[in-house]
Structure formats: structure tokens, C-alpha cells
Amino acid sequence: LVEIGSGGGFVKEIISNITTSDVVSGLGIDKVFTAEKMPFRKNSVSSFVMLNVFHHIKNPKKAISEMQRCLKKTGKIVMIEPWNAPWAKFIYQNFHHETFDPKAGWEIKGKGRLTDANGAIPWIIFKRDKVVFENMFPCLKITKISPHTPIAYIISGGLSKPQLLPNFTYPLVELIEKILSPLNKFLGMFATIVIEKK
């Protein structure tokens, strides 16, 4: 079980046997490598997990190819990524520091490790270009795309802004998001995407 782009995360507090990784060494990082070239044997990884990482990978096609090579049969790629719902697109294009271009191609230009990104890449590859993806990677099957989280990320301030509401209001935010969940197709700022190796 491998997390790609662990950074300063806390996944080991939840999944103790996971292998953490990033493109630079740091506290709590088990392995240093890029998603485009992984140090794992063929058919040796049960699952790859990513949280807000995939849209930073410079060459997603090469990274998906590497994950496909490393995954065991029925192994999974599980990611939570920005999504191109109408509400999310409005927020990302007007109030977020990262590029969000649904008309772009698959690759990301630039040399910045965290600064260069396209938040629309997951939607581009797994929704807009789904047929291209399926033809390119016939051994991989998209089993789930579930948009979610229409307001909690904004209220939390994301990674760089101050929190807009005090902590004790979180149950109320959670309730509002639950009520809004039938509209997540239009409002979800993120999506959980699951891909399985056939």
C-alpha cells in the first residue's frame, strides 16, 4: 500500500502499514521517487492512494502507466482531487492560486514542484477524455467517481487562508453538506476517484 505525494501528511496515524513517498525527503517519508518512475516491481503494489496530488503530476500518462505496471491484479488507485463541477470551477478559476483549465491537455508545464498544477486534470482524464483513457489503459477500469465537499474546504480556508468559522460549527457544516449531497454533481469541489486493475 503506497501513498504518493505524502508531504507532511499524517496517513500513518490512520494506516500504519502504508509506505509514504514524495519527490523530496522529509520527516515521515519512507521512499523518494516521482510518480513517473517508481521503484516497485511489476504486480507488487496493492493500492496507490493520493490526496490532492494527481493534478500536480507533470506527466499523468506516464504516472498512470507506472501505477498500472506496479499494481497487482484487482489493485486500486484511489485519489481525492479537485473536480470540475460548475460551483467548483467558479471557485477554482476566480479564488484559487492554482491553474484550473478544463480545456487543457494532459501534461502540466513548468518546473515548480507544488506551484505548477492544473486542478482540472483529473476531470480531463477520467471524465472528459474517458474513452481515450480506456483505450490507452485497457487493463484499468474507473469504478467510482464521486463528487463531494461543496463548502467545507472553503470554510476551512484551504491550505493558505484563515478559517472562516470556528471549529464548533463543523457539525453544522457537515449537516449542510449532507443535505446538499444530491446536488454534488453540480456543487462538489472534490471527487473521490477509484480505478481498478482488471
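These lines cover the structure that appears in this document, whether it is placed above or below. (Residues numbered from 1 in each chain as written. Predicted model: local features only at pLDDT ≥ 70, side-chain atom pairs only at ≥ 80, totals over all residues. Heavy atoms only, no water.)

The helix and strand inventory of the protein stands at seven helices and seven strands. Listing the helices and strands of the protein from first to last along the sequence gives β-β-β-β-α-β-α-α-α-β-α-α-α-β. Expressed as a percentage of the 198 residues in the protein, the buried residues total 43%. Summed over all atoms, the accessible surface of the protein reaches about 11200 Å², with 59% contributed by carbon and sulfur. (Helix = DSSP H or I, 4+ residues; strand = E, 2+ residues; numbered from the N terminus. Buried < 20%, exposed > 50% of the residue type's maximum accessible area, 1.4 Å probe, protein only. Areas by Shrake-Rupley, 256 points an atom, 1.4 Å probe, with all protein chains shown as cover.)

In this structure, the second largest pocket occupies an estimated 290 Å³ of space. As for the second largest pocket, its lining consists of 14 residues, and the residues nearest its centre are Phe95, His96, Tyr153, Gly157 and Lys161. Elements represented by at least two residues in the lining of the second largest pocket include exactly α2 (86-95) and α5 (152-156). Here the lining of the second largest pocket is built from residues that sort into eight nonpolar, five polar and one charged. (1 Å grid on protein atoms, 1.4 Å probe; cavity = no way out; pocket = protein on both sides within 12 Å on 5 of 7 lines; lining within 4 Å. Points joined across faces, edges and corners; volume = space filled by probe spheres on them. Nonpolar A, V, L, I, M, F, W, Y, C, P; charged D, E, K, R; others polar.)

Applying the stated criterion to the full structure yields one cavity of 30 Å³ or more. If you go around the largest cavity, the residues you meet are His55, Pro82, Tyr92, His96, Glu98, Thr99, Phe100 and Gly119.

On to the pairing of strand β5 (residues 71-82). The two faces of the sheet receive side chains in turn, since in a regular strand these alternate between them. Here strand β4 (residues 45-51) pairs with β5 via six bridges, running parallel. Its bridge partner lying in β5, Val49 is registered against Val78. On the question of chirality, the crossover connecting β4 to the parallel β5 by way of helix α1 (residues 60-70) is right-handed. Where β5 and strand β7 (residues 190-197) come together, seven bridges link them in antiparallel fashion. Counterpart to Ile80 in the pairing with β7 is Thr192. (Pairing = 2+ DSSP bridges. Right-handed = clockwise from strand over helix to strand, strands pointing away.)

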